[in-house]
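# What the coordinates show
Given next are the chains, with one letter for each unit.
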Amino acid sequence: LGVVVVEVARKMVELVIKGILPNMIVLAGFVASYLMTNQTRLELLAFEDVLEARGETARIMSKAWLIAAGRHVGVGIGCFLCLMLVAYRVETGLREDVRMLKRRKID
């Protein structure tokens, strides 16, 4: 298993160098974002399961459910914004594309 992981990592670095994959920092951000948003999704589902175990229906408009759902959405939006900022700082191709779009909009 360790050899496979090393080989996959080596291949990913090779693809990053060729410009096919985003920078490793951006890839790590994608993984971290997935883990964080998945955790809040699991917490929301667990909350609904607790309500069902009590014999209550998951009331979408209840305050507790709205807080849990808002946390999940907030984490997702925060991850997206952070990832876009990191990608903009690290990925030179993205910066060039954004500048080109701004120039076209002005013209």
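Everything discussed here concerns the structure shown above.
The rules we used
Residues numbered from 1 in each chain as written. Predicted model: local features only at pLDDT ≥ 70, side-chain atom pairs only at ≥ 80, totals over all residues. Heavy atoms only, no water. Helix = DSSP H or I, 4+ residues; strand = E, 2+ residues; numbered from the N terminus. Rg over C-alpha atoms; globule rule 2.2 N^0.38 Å. Buried < 20%, exposed > 50% of the residue type's maximum accessible area, 1.4 Å probe, protein only. Contact = heavy atoms within 4.5 Å. Areas by Shrake-Rupley, 256 points an atom, 1.4 Å probe, with all protein chains shown as cover. Patch = residues over 30% accessible without salt bridge, like charges linked within 9 Å, V, L, I, M, F, W, Y side chains within 5 Å. Salt bridge = Lys/Arg side-chain N within 4 Å of Asp/Glu carboxyl O.

Check the secondary structure of the protein and you find four helices and zero strands. Secondary structure elements in the protein, listed N-terminal to C-terminal, are α-α-α-α. Against the compact-globule benchmark of 13 Å for 107 residues, the protein has a radius of gyration of 20 Å, which places it well outside the compact range. Going through the 107 residues of the protein one by one, you find that 17% of them count as buried. Counting contacts in the protein only where the partners sit at least 6 residues apart, residues at least 24 apart contribute 52% of the total. For the protein, the exposed surface amounts to about 8,400 Å²; the carbon and sulfur share of it is 69%.

There is a patch of nonpolar side chains on the surface, built from Val73, Ile77, Phe80, Leu81 and Met84 and spanning about 470 Å² of accessible area. Take valine 73: it is sitting in helix H3 (residues 63-90).

Any two side chains of opposite charge can pair, on the condition that their charged atoms come close. If you walk through the whole model with that rule in mind, you get three salt bridges. Here glutamate 7 makes a salt bridge to arginine 10, at a shortest N to O gap of 2.5 Å. One end of the pair, glutamate 7, and the other, arginine 10, are both in helix H1 (residues 2-18), three residues apart, so they sit about a helical turn from each other. Overall, the relative accessible area of 39% leaves glutamate 7 in the partly exposed class. Between glutamate 14 and arginine 10 there is a salt bridge, with its nearest N and O atoms 3.3 Å apart. Here the residue glutamate 14 and the residue arginine 10 both occupy positions in helix H1, the gap between them amounting to four residues, near one helical turn.

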